[in-house]
2 protein chains.
Amino acid sequence: MKIVCNKNELAKGLQIVSRAIPTKTTMSILEYILIDATGPEVKLIGNDMELGIETVIKCDVMERGYIALGARLFLDVVRKLPETDVTITLGDNSIVTINALKAEFKIPGRAGEEFNFLPDIARIDGIEISQYSLKNVINQTIFAISAGNDTNRMMSGELLEINSDILRVVALDGHRIAIRKINLSGSYPSKKVVVPGKTMSELSKILEDSTEKKAEIFFTDKHVMFSFDRTTVVSRLIEGNYFNIDQMLSSDYETKVSVSRKELTDSIDRATLLVKEGDKKPVIFEINDNDMEIRINSTIGSMNESIDINKQGKNLMIGFNPKFVMDVLKVIEEEKADIYFVNPKAPCFFKNEEESYNYLILPINFTTV
Amino acid sequence: MKIVCNKNELAKGLQIVSRAIPTKTTMSILEYILIDATGPEVKLIGNDMELGIETVIKCDVMERGYIALGARLFLDVVRKLPETDVTITLGDNSIVTINALKAEFKIPGRAGEEFNFLPDIARIDGIEISQYSLKNVINQTIFAISAGNDTNRMMSGELLEINSDILRVVALDGHRIAIRKINLSGSYPSKKVVVPGKTMSELSKILEDSTEKKAEIFFTDKHVMFSFDRTTVVSRLIEGNYFNIDQMLSSDYETKVSVSRKELTDSIDRATLLVKEGDKKPVIFEINDNDMEIRINSTIGSMNESIDINKQGKNLMIGFNPKFVMDVLKVIEEEKADIYFVNPKAPCFFKNEEESYNYLILPINFTTV
């Protein structure tokens, strides 16, 4: 195998597929990236068996072949090469020579045969969405998954649900639920899959902030595939039935508060200084007629601050995990946030009128804390 | 005590004096910052008993007094306050109230009497230097100290040596020496002190990059004081005799190489990718007539690269700890670096003609590694 390609093009491709490389693994081949130059173009592939990423790079293939190289080292070496054409040559004993100007690296590779290729997924019945929307909807929900949850695998994934021209993305962890809806440009058959959180979060890092550029999503019984630009992301699905979200939602409320997102964010941000890591101290909202008092009281000290609100309904005192409220405030784009409360023990909802987002947070019973 | 001051002014002052706060200590009072409003102006003081920093901030003193507050929390709280005037009031039981707009913090302080003030040092016979020069000379030498060296405390400090109108700053760790000379604008009596490395490195972070602004340095038998802007940095000295540097230096050489600093830096930077943390692999310089080959060979792989040089004297093959060479290359400002060699076992020198800098590095015997 012998290929010649631009250093930046190669570095960009390696950075994309490196997102499928596990940080810890007992199967060392998973830490490798395959250079697949068996055809007329060059593909780079990373695959941890749950998540696989493949990208095509602009490259001259002088001699066909394939070889796997340690992902971390390969990326580091390419990044530090001079900004010029890079020649990669496979020699005897799987030794790979990387040349750029007068610099020459020799690194042992692993035979391409050892590498796990991605599953073959047919590109039929895909749905189309802008990269911007897909990236955003992931970032606006992913924080609510329970990432390392091995006892309830479902909570470690995100629900993608398609109904006609609506894509609904849901994440939850037992204390909160994040729901976002997106209008699709076409109408599609119903679909409901749960994608591992790691897949979604790595995917969001590769997608561009572009409303022009599209991504396509394809499904099989066991896999989902995201295809965009010259990159393909394939992931196993989490099998089983997702939670029945709709029965957890309610549109009844006793108190509705409209508040400046920035003011509430700044106030809770300040209050959080008094909460030690691991400490379960709630931030208290005391909702009065025209203002809401934000209060926290811990072993470190106390804070209180009143912020102006528009209120409908009853006065209320309620406590929350400040992190959960901050996570929601960070991903609301509107200047005003509307919050719906029932009572100090019932979940509250951050949502807008068209319900393109709906965030549920369970309160903390602060009298007993 | 009651004071009112601008949030940013207060945050800036706290950031400066926080540099004297130890990260770990068994004496909890050392983790506090004193607000000293006993006079007409407000001083902030941090003091870890070896290094003390005091700075005066613009502030209205409504009621005189003093109180110590936990450094970390105080700085965090002030940083997150709205950009406005901040009122700090001392109440009963050493409880401090911090108000800004509608936000109010209550934090327990420690009585000012518990705090260790800085030693009183007379501002006489000081030397004057620009903040830029002082900041730079520290950054250009400090890397060569042996920071945590408890068996040889001398190596954990920097020598400041004044001879007439020359300030010489020296750092060494047993494998290398860094020497910088600066011309002072006046002529001063001879002086030779060793300042703890921590003092020098914290000082360099507070000094501004300004050639206009001056710093003054004052000495006593046990202390050194740096005075600039509205800040005073006082430090204990390391007592004892510093190493006899001059007998370690030599101007004889067998080989002189002139090389592009950037090319050599880039090449060693690449080579270093193949060195694992803690691994003592040398980078080999093979000096030929018109080029120098940079080589490394480790369990990870190998690299070689030839770079153009101007050479005087003999050919030579010599090995170095790549980190030591990089540390020097980073702080040389010239485009070309001149390196003087004797033989593969003798130290080499990176220096310019006027010897405003002179960096000695011991080679590694690469045949035995």
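Along each chain, residue indices are assigned from 1 in the same order as the chain's sequence is written. Lettering of chains starts at A and numbering of ligands starts at 1, both following the order in which they are written. Confidence filtering applies because this is a predicted model: local features only for residues at pLDDT of at least 70, side-chain atom pairs given and counted only at 80 or more, and all residues used for totals across whole chains, interfaces and linings. Hydrogens and water are ignored here; the side-chain numbers use all heavy atoms of the structure.

A. Inspection of the packing of helix 5 (residues 261-271) of chain A against helix 6 (residues 322-331) of chain A at higher detail. All names here are of chain A. Between helix 5 and helix 6, whose axes approach to 10 Å, the crossing angle comes to 150°. Two packed elements cross with a definite hand, and for helix 5 against helix 6 that hand is left-handed. In this structure, helix 5 uses Arg261, Leu264, Thr265, Ile268 and Asp269 to contact helix 6, whose residues at the interface are Pro322, Val325, Met326 and Leu329. Each residue receives one of three labels: charged for Asp, Glu, Lys and Arg, nonpolar for Ala, Val, Leu, Ile, Met, Phe, Trp, Tyr, Cys and Pro, and polar for the others, Gly being one of them. Considering only residue class, the contact of helix 5 with helix 6 consists of six nonpolar, one polar and two charged. Axes here refer to lines fitted to C-alpha atoms; in helices the fit is confined to the stretch in contact. Angles between the N-to-C directions go from 0 to 180 degrees. Here a helix means four or more residues in a row that DSSP labels H or I, a strand means two or more in a row labelled E, and each is numbered from the N terminus. For any pair of crossing helices, the crossing counts as left-handed if the nearer helix is rotated counterclockwise from the farther one by less than a right angle, and right-handed if it is rotated clockwise. When checking whether two residues touch, look at their non-hydrogen atoms; a contact exists if any pair is within 4.5 Å.

B. Fine view of the interface of chain B and chain A. Tallying the contact residues gives 25 residues for chain B and 25 residues for chain A. Should a side-chain nitrogen of Lys or Arg be within 4 Å of a carboxyl oxygen of Asp or Glu, the pair is scored as a salt bridge. Taken together, the connections running from chain B to chain A amount to four salt bridges. The residue Lys80(A) makes a salt bridge to Asp269(B) at a minimum N-O spacing of 2.8 Å. Nitrogen and oxygen atoms within 3.5 Å of one another constitute a polar contact, given that in protein one can donate a hydrogen and the other can accept it, and given that sequence-neighbouring residues count only through two side-chain atoms. Across the chain B-chain A interface, the total number found is ten residue pairs in polar contact (both at pLDDT 80 or more). When contributions to the side of chain B that touches chain A are tallied by element, the ones reaching two or more residues are helix 2 (71-80), strand 9 (103-108), helix 5 (261-271) and strand 20 (302-313) of chain B. DSSP bridges decide pairing: two strands pair if at least two such bridges lie between them. Where strand 20 (residues 302-313) of chain A meets strand 9 of chain B, four bridges bridge the pair, whose relative direction is antiparallel. Within the sheet, the bridge partner assigned to Met303(A) lies in strand 9 of chain B and is Phe105(B).

C. Spatial organisation of the pattern of salt bridges. Residue and element names in this part refer to chain A. If you walk through the whole model with that rule in mind, you get 55 salt bridges over all chains. Salt-bridge contacts for Glu293 lead to Arg295; the nearest nitrogen and oxygen are separated by 3.5 Å. The exposure class of Glu293 is partly exposed, given its relative accessible area of 23%. Given the relative accessible area of 26%, Arg295 is considered partly exposed. Partly exposed describes any residue whose relative accessible area lies between the buried limit of under 20% and the exposed limit of over 50%, with all areas from a 1.4 Å probe on protein chains only and scaled to the type maximum.

D. Inspection of the packing of aromatic side chains at higher detail. Residues and elements named next belong to chain B. Pairing of aromatic rings covers Phe, Tyr and Trp, the last through its six-membered ring, and needs centres within 6.5 Å; plane angles under 30 degrees mean stacked, over 60 mean edge-to-face, and all others mean tilted. Here the structure, examined in full by the defined rule, presents 16 aromatic pairs over all chains. Their ring planes at 70° and their centres at 5.1 Å tell us that Tyr242 and Phe243 sit as a pair that is edge-to-face. Of the residues examined, Tyr242 reaches a relative accessible area of 10% and is grouped as buried. On the accessibility criterion, Phe243 (23% relative accessible area) is partly exposed. Measuring from ring centre to ring centre gives 5.0 Å for Tyr253 and Tyr340, while their planes differ by 70°; the resulting arrangement is edge-to-face. Separated by 87 residues along the polypeptide, Tyr253 in the loop between strand 16 (231-236) and strand 17 (255-260) and Tyr340 in strand 22 (residues 336-341) bring together distant segments of the chain.

E. A look at helix 1 (residues 7-18) of chain A. All names here are of chain A. In this model, helix 1 (twelve residues) spans 16 Å end to end at C-alpha, consistent with the 16 Å of a helix rising 1.5 Å per residue. With respect to burial, helix 1 is a largely interior element, nine of its twelve residues being buried. For helix 1, the complete set of buried residues consists of Lys7, Glu9, Leu10, Ala11, Gly13, Leu14, Ile16, Val17 and Ser18. Residue Asn6 occupies the N-cap position of helix 1, its side-chain oxygen lying 2.8 Å from the main-chain nitrogen of Asn8. The length a helix should cover is 1.5 Å for every residue beyond the first.

F. Here's a closer look at unusual backbone geometry. Residue and element names in this part refer to chain A. One non-glycine residue, Asp125, lies in positive phi territory at about 55°. By the secondary structure assignment, Asp125 is in the loop between strand 10 (110-111) and strand 11 (127-130). For Asp125, a relative accessible area of 68% puts it in the exposed group. Residue Asp229 is not a glycine yet carries a positive backbone phi of 45°. As for its placement among the helices and strands, Asp229 is situated in the loop between strand 15 (223-228) and strand 16 (231-236). Exposure remark for Asp229: the relative accessible area of 45% places this residue in the partly exposed category.

G. Local environment of the nonpolar core. For this analysis, a nonpolar core means a set of buried residues of the types Ala, Val, Leu, Ile, Met, Phe, Trp, Tyr and Cys, connected via side-chain atoms within 4.5 Å. Phe285(A) and Phe285(B) are the most contacted members of the largest nonpolar core, which totals 206 residues. Discounting chain neighbours no more than four positions away, the residues touching Phe285(B) are Leu264(B), Ile268(B), Met292(B), Glu293(B), Ile294(B), Leu316(B), Met317(B), Ile318(B), Phe320(B), Val325(B) and Phe341(B).

H. Spotlight on the packing of helix 3 (residues 131-139) of chain A against helix 4 (residues 197-206) of chain A. Residues and elements named next belong to chain A. Running from amino to carboxyl end, helix 3 crosses helix 4 at an angle of 135°, the nearest separation of the two axes being 9 Å. In terms of orientation, helix 3 and helix 4 fall into the oblique class. For the pair helix 3 and helix 4, the sense of crossing is left-handed. Contacts between helix 3 and helix 4 involve Leu134, Lys135, Ile138 and Asn139 from the former and Met200, Ser201, Leu203, Ser204 and Lys205 from the latter. Should an angle fall under 35 degrees it is taken as roughly parallel, and over 145 as roughly antiparallel, whereas 65 to 115 is taken as roughly perpendicular and any remaining angle as oblique.

I. View of the side chain of Glu158(B). Residue and element names in this part refer to chain B. Position of Glu158 among the secondary structure elements: in strand 12 (residues 157-172). This count recognises Lys and Arg as positive and Asp and Glu as negative, with His and chain-terminal groups excluded. One buried charged residue, Glu158, forms no salt bridge at all, with the nearest opposite charge on Arg180 at 9.6 Å. Engagement of the side chain of Glu158 in a polar contact is seen with the side chain of Thr141, the distance being 2.6 Å. Setting aside chain neighbours within four positions, we find Glu158 in contact with Ile138, Thr141, Ile142, Ile145, Val169, Val170, Ala171, Val193, Val194, Val195 and Met200.

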